[in-house]
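Structure at a glance
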Amino acid sequence: LVNTTFFRLMHIKLDGKCNYFNQAVAEAKCSSSQQEPFSSWATPFSSPAPPAKEGGLCSLETGGGKEERTSAFDPFGPGRRITNKVDKTISKAESESLLNKDESCDDPSVPDFWLDMCRNIPTNASEYVNLRLNPERWTGYNGSHVWDAIYNENCFEQLGTLDEMCYEERVLYRLLSGMHASINIHISLSYFPPSKSQNRSTWEPNPERFMNQYGSKPEYLKNLHFAFVVLLRALRRASPFLYNHHFVTGDDQDDAHTTKLIRRLLDSSVMNSCQKVFDAFDESLMFSMDGEPSVKTTLKSQWKGVFHNISSVMDCISCQKCRLHGKIQLLGLGTALKIL
């Protein structure tokens, strides 16, 4: 699926303004230091961090170049420019929708309240980003200040320990922790770049880094599994829509292949045999507390507000590739939450 045109080309806006840090912090460059990339709780380890060329590993790849053709359904082929201009014309109604002026999104008593979960991760960019050309891996960027903002500046500072959080707060914390683990694992999986002097022809993993981060912290991996369950529940709920969705990119052969792969996923034995796994999370338990309706309404508003704030923090990631993948993962979580 990730090799199909529909899923590998992504509209996502990457030029948002950071409103959380001063300019010196927000514009931190890719670094060749041994600080851990995109991690606020990384532990030191003996394997040295490979040097990063200024801007190189953080910059987005926009052309084919050395990209090899790995799919028979690739209409672009090697050497073809992938970031194509699109018509940016929008109507007045569409513009208001992008600004989320729909009153129903402000009323916690209606289901439409959750429709603007991803409003701070706009996908109205003028160009596509090819995700195959920009895989998630080590860049040398140190985003500890970003994770500090995510965990500490968006209500978590007032929540105390995990045991003191209410159910809804624990769910959000575990989703963010799972996202954090996913990002770090991707970095460990593709950590050492190709190097003639080191006799490396491809990106290689750093298992020592992975073990230092997770060998004694299984709770973080449990949060990763929890986030995956939430995504699977959303996929299952959206199955009737996805099964009959028309994937249109202009290449009939590729679109037919995409539809076939989606239906194969939805019909797979894995999806049909995961009932016990799905039970690890039940969205119907959220915001179902007894008591005054105003308490429930306030909690819903605060919960969505925190997600919006965290989405805005993504614009404070100066490394383009890190910002891209941070936004994509958060967009995925937000979409799953909207569906559920």
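Structure first, text after, so check above.
First things first, this report covers the structure right here in the doc. Quick caveat, the model's predicted, so the values are computed rather than measured.

Quick word on the overall build of the chain
Secondary structure assignment for the chain yields 13 helices and 2 strands. A burial count over the chain gives 44% of its 340 residues as buried. The long-range share in the chain, meaning contacts at least 24 apart out of those at least 6 apart in sequence, stands at 78%. Within the structure as shown, the chain displays about 18,300 Å² of accessible surface, and the carbon and sulfur contribution to it stands at 53%.

Things to note about the pattern of salt bridges
One pass over the structure, following the stated rule, counts 7 salt bridges. Among the ionic pairs, arginine 233 bridges to aspartate 282, the shortest N-O distance being 3.9 Å. With arginine 233 in helix α7 (residues 218–237) and aspartate 282 in the loop between α11 (275–278) and α12 (293–313), the pair connects residues that are 49 residues apart, well separated along the chain. Exposure remark for arginine 233: the relative accessible area of 9% places this residue in the buried category. The exposure class of aspartate 282 is partly exposed, given its relative accessible area of 27%. A salt bridge links arginine 323 to aspartate 315; the nearest nitrogen and oxygen atoms lie 4.0 Å apart. You can call arginine 323 buried: its relative accessible area is 10%. Via salt bridges that share partners, Arg233, Arg237, Asp282 and Glu283 belong to a single interconnected network.

Focus: the packing of α7 against helix α13 (residues 320–339)
Close contact between α7 and α13 brings their axes to 9 Å; oriented N to C, the two are set at 50 degrees. The orientation of α7 with respect to α13, classified from their angle, is oblique. For the pair α7 and α13, the sense of crossing is left-handed. Only Gly332, Leu333, Ala336 and Ile339 of α13 make contact with α7, whose side of the interface consists of Val230, Leu231, Ala234 and Arg237. Partitioning the contact of α7 with α13 into residue classes produces 6 nonpolar, 1 polar and 1 charged.

Some remarks on the environment of asparagine 244
Note on placement: asparagine 244 falls in the loop between α8 (239–243) and α9 (252–266). Between the alpha carbons of asparagine 244 and isoleucine 262 there is a distance of 9.6 Å; along the sequence they are 18 residues apart. From its side chain, asparagine 244 meets the backbone oxygen of proline 240 in a polar contact 3.2 Å long.

What about the state of the cysteines?
Across all of its chains, the model carries 1 disulfide by this definition. The disulfide partner of cysteine 18 is cysteine 316, and the gap between their sulfur atoms is 2.0 Å. Taking the torsion about the S-S bond as the criterion, the cysteine 18 to cysteine 316 disulfide, at about 90 degrees, is right-handed. Placement of the pair is cysteine 18 in the loop between β1 (9–11) and α2 (23–26) and cysteine 316 in the loop between α12 and α13, with a sequence separation of 298 residues. Take cysteine 316: its relative accessible area is 0%, and that puts it in the buried class.

Overview of unusual backbone geometry
The backbone phi angle of asparagine 199 is positive, close to 60 degrees, even though this residue is not glycine. You can see asparagine 199 is positioned in the loop between α5 (167–189) and α6 (207–214).

What about the nonpolar core?
Core analysis: the biggest nonpolar cluster contains 61 residues, and Ile150, Leu175, Phe281, Trp303 and Leu330 have the highest contact counts within it. The set of elements that each furnish at least two residues to this core consists of α4 (144–152), α5, α7, α12 and α13. The leading source of residues in this core is α5, at 9 residues. Residue contacts for leucine 175: discarding those within four places in its chain leaves Phe226, Ala227, Val230, Leu333 and Leu337.

Looking at a nonpolar patch on the surface
On the surface, Leu1, Phe6, Phe7 and Leu265 cluster together into a nonpolar patch covering about 290 Å² of accessible area. By the element assignment, leucine 265 lies in helix α9. Overall, leucine 265 belongs to the partly exposed group, its relative accessible area being 32%.

Some details on the packing of aromatic side chains
This model, assessed by the stated rule, comprises 13 aromatic pairs. Sitting over the face of the ring of phenylalanine 226, arginine 174 holds its NZ or CZ atom 4.5 Å from the ring centroid. Its end group placed over the ring of phenylalanine 113, lysine 304 keeps NZ or CZ at 3.6 Å from the ring centre.

Here's the deal with α6
Turning to α6, its buried residues are Arg209, Gln213 and Tyr214. Each buried residue of α6 lies within a common arc of 105 degrees when the element is viewed along its axis, so the set occupies one face.

Quick word on the environment of isoleucine 185
Note that isoleucine 185 resides in helix α5. Judged by its relative accessible area of 25%, isoleucine 185 is partly exposed. In this structure the C-alpha to C-alpha distance between isoleucine 185 and leucine 221, which are 36 residues apart in sequence, comes to 9.9 Å. Residue contacts for isoleucine 185: discarding those within four places in its chain leaves Phe210, Tyr214, Leu221 and Leu224.

Criteria and cut-off values
Residues numbered from 1 in each chain as written. Predicted model: local features only at pLDDT ≥ 70, side-chain atom pairs only at ≥ 80, totals over all residues. Heavy atoms only, no water. Helix = DSSP H or I, 4+ residues; strand = E, 2+ residues; numbered from the N terminus. Buried < 20%, exposed > 50% of the residue type's maximum accessible area, 1.4 Å probe, protein only. Contact = heavy atoms within 4.5 Å. Areas by Shrake-Rupley, 256 points an atom, 1.4 Å probe, with all protein chains shown as cover. Salt bridge = Lys/Arg side-chain N within 4 Å of Asp/Glu carboxyl O. Axes fitted to C-alpha atoms, helices over the stretch in contact; angles between N-to-C directions. Parallel < 35°, antiparallel > 145°, perpendicular 65-115°, else oblique. Left-handed = near helix turned anticlockwise from the far one by under 90°. Nonpolar A, V, L, I, M, F, W, Y, C, P; charged D, E, K, R; others polar. Polar contact = N/O pair within 3.5 Å; in protein donor to acceptor, adjacent residues only side chain to side chain. Disulfide = S-S within 2.5 Å. Core = buried A, V, L, I, M, F, W, Y, C linked by side-chain atoms within 4.5 Å. Patch = residues over 30% accessible without salt bridge, like charges linked within 9 Å, V, L, I, M, F, W, Y side chains within 5 Å. Phe/Tyr/Trp six-rings, centres within 6.5 Å; stacked < 30°, edge-to-face > 60°. Lys NZ or Arg CZ within 6 Å of the ring centre and 35° of its normal. Arc of directions from axis to C-beta.

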